[in-house]
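A look at the structure
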Number of protein chains: 2
Amino acid sequence: MRTALCDTLGIEHPIVGFTPSEHVAAAISRAGGLGVLGCVRFNEAGELDAVLDWMDANTGGKPYGVDIVMPAKIPTEGTQVDLTKLIPDEHKTFVERTLRELGVPELPEDTAERAGVLGWLHSVARSHVEVALKHPIKLIANALGSPPVDVIEQAHAHGVPVAALAGKAEHARRHVHNGVDFVVAQGYEAGGHTGEIGSMVLLPEIVDAVDAPVLAAGGIGSGRQMAAALALGASGVWMGSVWLATEEYLQTMPSSAAMQTALVRATSSDTVRTRIYTGKPARLLKTRWTDAWAAPDAPEPLPMPLQNLLVSPAHNRLHEANDPGLVSMPAGQIIGRVDKIRPVAEIVAELVAGYEEALARLEKTR
Amino acid sequence: MRTALCDTLGIEHPIVGFTPSEHVAAAISRAGGLGVLGCVRFNEAGELDAVLDWMDANTGGKPYGVDIVMPAKIPTEGTQVDLTKLIPDEHKTFVERTLRELGVPELPEDTAERAGVLGWLHSVARSHVEVALKHPIKLIANALGSPPVDVIEQAHAHGVPVAALAGKAEHARRHVHNGVDFVVAQGYEAGGHTGEIGSMVLLPEIVDAVDAPVLAAGGIGSGRQMAAALALGASGVWMGSVWLATEEYLQTMPSSAAMQTALVRATSSDTVRTRIYTGKPARLLKTRWTDAWAAPDAPEPLPMPLQNLLVSPAHNRLHEANDPGLVSMPAGQIIGRVDKIRPVAEIVAELVAGYEEALARLEKTR
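Residues numbered from 1 in each chain as written. Chains lettered and ligands numbered in written order. Predicted model: local features only at pLDDT ≥ 70, side-chain atom pairs only at ≥ 80, totals over all residues. Heavy atoms only, no water.

1. Digging into the overall build of chain A
Note the threshold: Here a helix means four or more residues in a row that DSSP labels H or I, a strand means two or more in a row labelled E, and each is numbered from the N terminus. In this treatment the radius of gyration is a C-alpha quantity, and the globule benchmark scales as 2.2 Å times the residue count to the 0.38 power. For every residue, the accessible area obtained with a 1.4 Å probe (protein chains only) is divided by the maximum for its type, and the residue is called buried under 20%, exposed over 50%, and partly exposed between those limits. The Shrake-Rupley method, run with a 1.4 Å probe, gives the accessible areas here. Residue values count only the displayed protein chains as cover.
What chain A contains, in helices and strands, is 15 helices and 11 strands. Against the 2.2 N^0.38 benchmark of 21 Å for 366 residues, chain A shows a C-alpha radius of gyration of 20 Å, consistent with a compact globule. Along the longest, intermediate and shortest principal axes, the C-alpha atoms of chain A span 60 × 45 × 40 Å. In chain A, which comprises 366 residues, the proportion classed as buried is 59%. A total accessible area of about 13900 Å² is found for chain A, and carbon and sulfur atoms account for 52% of it.

Here it is, written out as structure tokens:
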């Protein structure tokens, strides 16, 4: 299973794996794919620097990338304290009441902050880029589409290609016009920020719209789905959700057992596309938390980045509650096929074998 | 491009084409696929009988099928007149006001009824089956899932296999348990009644869930998409939207030029999944009519079959308005790729050639 992407990125299989866990990212790279580390959880560039040092020591010299969250248009932003003042009392009250009604305990006083929210700020995302470019990264991906042109130029000056997510052909065209090197076509099925066009339709549309390699995202979790993505014209796949159910993920996030239980239990109908996570439509695991926000008495979610600031402390409490029915986690429809927690290498091996089987099956139709 | 389905149905290509037009259905069959004629437009069994006589004379002896609309559970139903009494005044007023605001003219008094609505009634759908089984049909498909078991048995007694649409693996399992022979896996992208799971995820899920051949529906309009569907495990494809943009469609429905113009103009973002057509979620072309129903002052759609009875006269007026911005038509996201009106045979030839190209491309990755 080789495409031109393998040569461009120096990888064995055209599998790009997005994950917030450095243990998962390193394992994907070691298994012959490209592990892409999500940076949004790092409040400070120094934390990211230390984790990338760890990556450099643990990928066995194999290539890896990073994923940032940066809108193309540079927003005016204040400090976290200033922004918090913009959150209406109605929303704060709803969150408090909902957590109480769901029986979510307060955090113990000695609980360390689980994950940052400042990575959603433009200034912090820029510091992530600065730090990442000091490491031997092979890709910068931006979860919010094309980053600002000067960031793309900065990456290119270091010889690092840039990938950007797109949910419509017109977005993909704009990204490539801005200088983006790879487009990640993010179908409706995908976890996290996603549009309304299903992968089956979106992927060939974007492939035909741009003169750049396209990675298929949304609904990819097996070799058959990889074969479908490549049949539709993709140069490779971008996968996220399936890596949440790995042994390596627990090494980075040891308190994620409830989340993993929720993923194993979930069917493909147990996700919901909602603005409650960040203010923009994103697909999440469906839980009593997302149900509460869908109730008639719930307020409309706030715009980005306010919604994230609003719900982030709630996410920490939900996480500590350790209840599979109360997890707040972006996840795609493919989680319906997750039925156990496995090592990353086993998933990659199965993808490769499944791809070959699918091709052998297709050849019999000729 | 051959699968076991070709032998089972006696067709050259594993392409099943659903259409309300007998001219399109016959052309699909003549081109080597299986044309499946939608029966819901026929108010009376006699009308269907006459059209199937025409099919028998115009398919060149090639196989064809019919599509009915029948829930598995037999509903208690009155006459059309009784049912109409159940429609709230609020809904009638909203429809009248909306048509006025959209500038849709009243129908001239001599306008013939364009299409029936009685086909949505269970008793009428049963009469469709009775009539169809007197013709040499090779498939009965049911758009609402598994038909009642006695209808399946009736078809089997005539040696005719039954297909049923499914938007979830559990529905597919139930259909096959009831005796259904083929499952049509209808992904989120599809036109008409559709669920929330995208084709990329749904298709392999249903293939693994049932011991029956599966047809891929939702997002299929090119040979690449056929190759993707077969990579995902489908035995063939079920296509609907693309046939609306054919020369043959105009032969059956000569006043459909505005609809065809709307399809050619539409992008893959110009559909909407809504309950306003039948009471159950169905994907339609997005127009000023669907926008009006999405406005905050619009009433909630009524349950099936009341919603259909409510909007059917409005559909006739919208149709006569002959305005691409006011069409009421089920259509899938694939219409974004429809850019001209073509003969059916050209579409089939392109599907076959595109499939071969996709396979040749995949083989280079080995």
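2. Thoughts on the relation of the copies chain B and chain A
Between the two chain copies there is a screw-like relation: a rotation about an axis and a shift along it. Put simply, the rule is: The copies are overlaid by a least-squares fit using only the C-alpha atoms of residues whose pLDDT is at least 70 in both copies. Two residues form a contact once any of their heavy atoms are found within 4.5 Å.
Expressed as a screw operation, the relation of chain B to chain A combines 0.0 Å of axial shift with a rotation of 180°, fitting to an RMSD of 0.0 Å. Read as a symmetry element, the transformation amounts to a two-fold axis. The C-alpha atom lying nearest the rotation axis in chain B is that of B:Ala228; the distance is 1.9 Å. When the interface residues of chain B are mapped onto chain A, 100% of them again fall at the interface, so both copies present the same face.

3. Some details on the nonpolar core
We apply this condition: We define the nonpolar core as a collection of buried residues of types Ala, Val, Leu, Ile, Met, Phe, Trp, Tyr and Cys that are connected through side-chain atoms lying within 4.5 Å of one another.
Core analysis: the largest hydrophobic core is formed by 119 residues, its most contacted members being A:Ile206, A:Trp243, B:Ile206 and B:Trp243. With residues near it in sequence (within four places) discarded, B:Ile206 still touches B:Ala166, B:Lys168, B:Ala169, B:Ala172, B:Val183, B:Ala185 and B:Val214.

4. Looking at the interface of chain B and chain A
The condition is simple: By definition, the buried area sums, over both parts, the 1.4 Å-probe accessible area that each loses when the two are put together. Just to be clear on terms, a salt bridge is a Lys or Arg side-chain nitrogen sitting within 4 Å of an Asp or Glu carboxyl oxygen. The term polar contact refers here to a pair of N or O atoms within 3.5 Å; inside protein, the definition further demands a hydrogen-donor-capable atom paired with an acceptor-capable atom, and it admits residues adjacent in sequence only when both atoms are side-chain atoms. Classification used: nonpolar for Ala, Val, Leu, Ile, Met, Phe, Trp, Tyr, Cys and Pro, charged for Asp, Glu, Lys and Arg, polar for all others including Gly.
Of the residues lining the interface, 45 residues belong to chain B; the matching set on chain A comes to 45 residues. Note on chain B versus chain A: buried area summed over both sides is about 3700 Å², and carbon and sulfur give 52% of it. Three residues stand out in chain B for area buried against chain A, namely B:Met200, B:Thr365 and B:Arg366, and they jointly supply 19% of the buried area on that side. If you look at where chain B meets chain A, you find 8 salt bridges. Across the salt bridge formed by B:Asp208 and A:Arg337, the nearest N and O atoms sit 2.5 Å from each other. On inspection of chain B and its partner chain A, the count reaches 26 residue pairs in polar contact (both at pLDDT 80 or more). Of all the secondary-structure elements, those providing two or more residues to the side of chain B that touches chain A are helix H9 (199–209), helix H10 (223–231) and helix H15 (344–363) of chain B. Among the elements that take part in the side of chain B that touches chain A, H15(B) stands out by supplying 8 residues, more than any other. Along the lines of polarity and charge, the residues of the side of chain B that touches chain A split into 20 nonpolar, 12 polar and 13 charged.

5. Side note on the pairing of strand E11 (residues 282–285) of chain B
Residues and elements named next belong to chain B. As a reminder, the rule being used: By the convention used here, strands pair only if DSSP detects at least 2 bridges between them.
Looking at chain direction, strand E7 (residues 192–193) and E11 are connected through 2 bridges and run antiparallel. Looking at the pairing, His193 lines up with Ala282 of E11. The pairing of strand E10 (residues 271–274) with E11 spans 4 bridges and is classified as antiparallel. Bridge pairing links Thr274 to Ala282 in E11.

6. Examining the sheet that holds strand E9 (residues 236–239) of chain A
All names here are of chain A. In plain terms, the rule: Here an angle of 0 to 180 degrees is reported between the N-to-C directions of two axes, which are lines fitted to C-alpha atoms, with helices fitted over the stretch in contact.
The 8 strands lie next to each other as E1-E2-E3-E4-E5-E6-E8-E9, forming a closed barrel whose pairing is parallel. The sheet shows a mean angle of 25° between the axes of neighbouring strands, direction not considered. In this sheet, E9 lies alongside strand E1 (residues 15–19) in parallel orientation, the contact comprising 3 bridges. Bridge pairing links Val16 to Trp238 in E9. Running at roughly 160° to strand E5 (residues 162–166), helix H8 (residues 169–178) makes contact with E5 and strand E6 (182–186) of the sheet.

7. Observations concerning H9(B)
Within an α-helix, residues lying three or four positions from one another point in the same direction, as the helix has 3.6 residues per turn. Most of H9(B) is tucked away: 9 of the 11 residues are buried. Among the residues of H9(B), B:Ser199, B:Met200, B:Val201, B:Leu202, B:Leu203, B:Pro204, B:Glu205, B:Ile206 and B:Val207 are the ones counted as buried.

8. With respect to the packing of helix H2 (residues 22–30) of chain B against helix H3 (residues 45–58) of chain B
Residue and element names in this part refer to chain B. So the rule is basically this: For this classification, under 35 degrees means roughly parallel, over 145 means roughly antiparallel, 65 to 115 means roughly perpendicular, and everything else is oblique. Crossings are assigned a handedness: left-handed for a near helix turned anticlockwise from the far helix by less than a right angle, right-handed for a clockwise turn.
Contact geometry of H2 with H3 gives a least axis separation of 10 Å together with a crossing angle of 30°. Between H2 and H3, the angle is such that the two are roughly parallel. The chirality of how H2 crosses H3 is right-handed. Contacts between H2 and H3 involve Glu22, His23, Ala25, Ala26 and Arg30 on the former and, on the latter, Val51, Trp54, Met55 and Asn58.

9. Concerning the side chain of B:Thr274
Position of B:Thr274 among the secondary structure elements: in strand E10. A polar contact is formed between the side chain of B:Thr274 and the backbone nitrogen of B:Ile276, at a distance of 3.1 Å.

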